[in-house]
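What follows is each chain in one-letter form.
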Amino acid sequence: SQQGEEDPQALSIQEGENATMNCSYKTSINNLQWYRQNSGRGLVHLILIRSNEREKHSGRLRVTLDTSKKSSSLLITASRAADTASYFCATDGGNKLVFGAGTILRVKS
Amino acid sequence: DTGVSQNPRHKITKRGQNVTFRCDPISEHNRLYWYRQTLGQGPEFLTYFQNEAQLEKSRLLSDRFSAERPKGSFSTLEIQRTEQGDSAMYLCASSPSNRDGYTFGSGTRLTVV
């Protein structure tokens, strides 16, 4: 079963704009992670935020976590065509990560 | 170390045949995971190894599926008597602990005809 649910399912923006993706989950977590997947490839780990953290930055990425609302958001600033990919949130489900269905991001140049 | 390696990249097989996939994780990572992903969906957990011990198996892993990790190094995933519903991308990942992100391989795309 997939615990995390990303919203929106798909997002299309112009190069240079910001992209925001949201993730909601159901049970308590130790950490939440975001991954990117280019078409037909494996997933790439982007960022991990622990349950006692509220915000984390990595380059053009900003992740927030609200454990009271069981939600997280991923912000990509100044998007580029190369950011076109699927983005997944994943929560720790005991011994493994549980992934959502993902958000498809398309950045038009 | 060049990351997680999966072979083959693509496999086309006839229904009823057996297939085996291999995963070579990052050598320092004692945790290894297999996931399955179908089009438009996120990865679904199949099984998890810590060193050579298989510690968790999903209910998705029917008795036609078996995974091994001899000596805690590479891992193999075998599917016996393949069915068309087995067509998917099979992803392998490794991590050093349950507090770290995963490193994924590029996956093996299986097509059952």
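Reference entry: report on the structure contained in this document. Nothing here was measured: the structure is a model prediction, and the numbers come from that model.

### Quick look at the interface of chain B and chain A
Counting residues at the interface gives 23 residues for chain B and 19 residues for chain A. Here chain B meets chain A over a buried area of about 1700 Å², counting both sides, of which 46% is carbon and sulfur. Broken down residue by residue, the surface that chain B buries against chain A is led by P43, Y102 and F104 of chain B, which jointly contribute 26%. Linking chain B with chain A are one salt bridge.

### Structural notes on the packing of aromatic side chains
A full pass over the atoms with the stated rule returns 11 aromatic pairs over all chains. Geometrically, the ring pair formed by F99 of chain A and Y35 of chain B is edge-to-face, given 5.5 Å between the ring centres and 90° between the ring planes. In this pair, F99 of chain A is assigned in strand β10 (residues 96-99) and Y35 of chain B in strand β4 (residues 31-37), connecting two distinct chains. As far as burial versus exposure is concerned, F99 of chain A and Y35 of chain B are alike and both buried. Following the ring pairs from residue to residue traces out a cluster consisting of Y35 and F99 of chain A together with Y33, Y35, F45, Y48, Y102 and F104 of chain B. The residue whose ring lies beneath K96 of chain A is F45 of chain B, and the NZ or CZ to ring-centre distance is 5.2 Å.

### A look at the sheet that holds strand β1 (residues 5-7) of chain A
Each strand in a sheet pairs with its neighbour through backbone hydrogen bonds, running either in the same direction (parallel) or in the opposite one (antiparallel). All names here are of chain A. Taken in spatial order, the five strands line up as β1-β3-β8-β7-β6 in an open sheet, and their pairing is antiparallel. Of all strands in the sheet, those with a lone pairing partner are β1 and β6 (55-58), marking the two edges. The mean inter-strand angle of the sheet, taken between neighbouring strand axes irrespective of direction, is 20°. Two strands pair when backbone bridges link them, and strand β7 (residues 61-66) and strand β8 (residues 71-76) are joined in this way by six bridges, in the antiparallel orientation. Among the inter-strand pairings, D66 is bridged to a residue of β8, identified as S71.

### Examining the pairing of β4 of chain B
All names here are of chain B. With seven of seven residues buried, β4 lies mostly within the body of the structure. Here β4 shows a buried face lined by R31, Y33, Y35 and Q37 and a second buried face lined by L32, W34 and R36. Note: β4 against strand β5 (residues 44-50), six bridges, orientation antiparallel. Bridge pairing links Y35 to F45 in β5. Where β4 hands over to β5, the hairpin turn is made up of six residues, of which G40 adopts a positive phi near 80°.

Conventions we followed
- Residue positions are given per chain, counted from 1 along the sequence in the order it is written.
- As a convention, the first chain written is A and the first ligand written is 1, with the rest following in written order.
- At least 70 in pLDDT is required for a residue's local features to be given in this predicted model, at least 80 for side-chain atom pairs to be given and counted, and no such filter applies to totals for whole chains, interfaces and linings, which use all residues.
- For the side-chain quantities, the full set of heavy atoms in the structure was used; hydrogens and water were omitted.
- It only takes one pair of heavy atoms within 4.5 Å for two residues to be counted as in contact.
- In short, buried area is how much 1.4 Å probe accessible area vanishes from two parts on joining, totalled over both.
- Take a side-chain nitrogen of Lys or Arg and a carboxyl oxygen of Asp or Glu: if they are within 4 Å of each other, that pair is a salt bridge.
- Any two rings among Phe, Tyr and Trp, with Trp reduced to its six-membered ring, count as a pair given centres within 6.5 Å; such a pair is stacked if its planes are under 30 degrees apart, edge-to-face if over 60, and tilted if neither.
- The way it works is that DSSP assigns letters per residue, a run of H or I at least four long becomes a helix, a run of E at least two long becomes a strand, and they are numbered from the N terminus.
- Buried, partly exposed and exposed residues are distinguished by accessible area as a fraction of the type maximum, computed with a 1.4 Å probe on protein chains only: under 20%, between the cut-offs, and over 50%, respectively.
- Placement of a charge over a ring requires the Lys NZ or Arg CZ to be within 6 Å of the ring centre, with the centre-to-atom vector within 35 degrees of the ring normal.
- Two strands pair if DSSP finds at least two bridges between them.
- Axis definition: a line fitted to C-alpha atoms, limited for helices to the stretch in contact. Angles are taken between N-to-C directions and run from 0 to 180 degrees.

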